[in-house]
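Descriptive analysis of the structure
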Amino acid sequence: MGTIAIYPGSFDPVTNGHLDMIERGLKLFDRIIVAILINLDKDSLFSLEERTEMLEISLKRFSNIEVDTFDGLLVDYAAKRNVHAILRGLRALSDFEYEFQMAMMNRRLNKEIQSVFLMTGLRWIFTSSSIIKEAAKFGGNISDMVPQLVYEKLKEKFNRPTKMGSD
Ligand code: PNS
């Protein structure tokens, strides 16, 4: 069956940073399950169906990636899928405390499941779905930070032309 990891998140929407993390995760794991949290409390810009579709299309070139959804505890989902590794990306320093807390809690809840962290690609160190949405909302050019279809979807959602920008 090979080695499997779960790469969980909100993916509202998927960014190039996520895709970079998944590609690098595939150098360590034979298969990755990308698991979207069904979070009824959190206001998301994209519906669960839209988020799933954007991930599936962006990842269709990989035969060893599955996109799934989960609710409740991540460790319970991992146990249900019989997966022992959770993959997370670390960006700038600010991620560390939250990720550390979450990994410790997950380990306390189920010591059979290990958290594995990869440093995010340098290019994506300061990008996040939230900051990308914020920029897109006000017409900023985020075309090189998300897959093309996400870019189009963001334009549709905010219904305004994006300004030209530069790195
Ligand atoms: O992309 P995000 O929003 O940073 O992902 C956070 C996610 C989905 C990994 C995290 O919120 C999560 O695992 N939620 C499920 C509930 C849970 O198990 N929380 C951690 C221990 S209390």
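In what follows, the accompanying structure is described. Note that the coordinates shown come from a computational prediction; the quantities given were computed from them, not determined experimentally.

**A few points about the pattern of salt bridges**
Taken as a whole and judged by the stated rule, the model has 12 salt bridges. Between Glu50 and Lys157 there is a salt bridge; the shortest N-O distance is 3.3 Å. Of this pair, Glu50 sits in helix H2 (residues 48-58) while Lys157 sits in helix H6 (residues 148-158), and the two are 107 residues apart along the sequence. When its relative accessible area of 35% is taken as the criterion, Lys157 is described as partly exposed. Lys111 is the partner of Glu112 in a salt bridge, and the nearest nitrogen-oxygen pair spans 3.5 Å. Judged by its relative accessible area of 46%, Glu112 falls in the partly exposed class.

**Quick look at the site of the ligand**
Around the ligand lies a shell of 14 residues, among which Gly9, Ser10, Leu74, Arg88 and Asn106 are the nearest. Here an oxygen atom of the ligand sits 2.6 Å away from a polar atom, N or O, in the side chain of Ser10. The side chain of Arg88 places a nitrogen or oxygen atom 3.0 Å from an oxygen atom of the ligand. When residues of the shell around the ligand are traced back to their parent elements, those giving at least two are strand E1 (4-9) and helix H4 (94-109). Sorting elements by how many residues they give to the shell around the ligand places H4 first, with four residues.

**Looking at the side chain of Asp95**
Here Asp95 is to be found in helix H4. For Asp95, the residues in contact, after removing those within four places along its chain, are Gly89 and Leu90.

**Let's talk about the nonpolar core**
Among the nonpolar cores identified, the biggest contains 31 residues, and Ile32, Val34, Leu55, Leu59, Ile65 and Leu154 are the most heavily contacted of them. Those elements that place two or more of their residues in this core are E1, helix H1 (16-25), strand E2 (31-37), H2, strand E3 (65-70), strand E4 (85-90), helix H5 (129-137) and H6. The element contributing the most residues to this core is H6, with four residues. The residues contacting Ile32, other than those within four sequence positions of it, are Ala5, Tyr7, Ile22, Gly25, Leu26, Asn64, Ile65, Glu66 and Leu87. One finds Ala35, Leu74, Val75 and Ala78 within the second-largest nonpolar core, a separate group that totals 12 residues.

Reading the values: the criteria
Residues numbered from 1 in each chain as written. Predicted model: local features only at pLDDT ≥ 70, side-chain atom pairs only at ≥ 80, totals over all residues. Heavy atoms only, no water. Salt bridge = Lys/Arg side-chain N within 4 Å of Asp/Glu carboxyl O. Helix = DSSP H or I, 4+ residues; strand = E, 2+ residues; numbered from the N terminus. Buried < 20%, exposed > 50% of the residue type's maximum accessible area, 1.4 Å probe, protein only. Near = heavy atom within 4 Å. Polar contact = N/O pair within 3.5 Å; in protein donor to acceptor, adjacent residues only side chain to side chain. Contact = heavy atoms within 4.5 Å. Core = buried A, V, L, I, M, F, W, Y, C linked by side-chain atoms within 4.5 Å.

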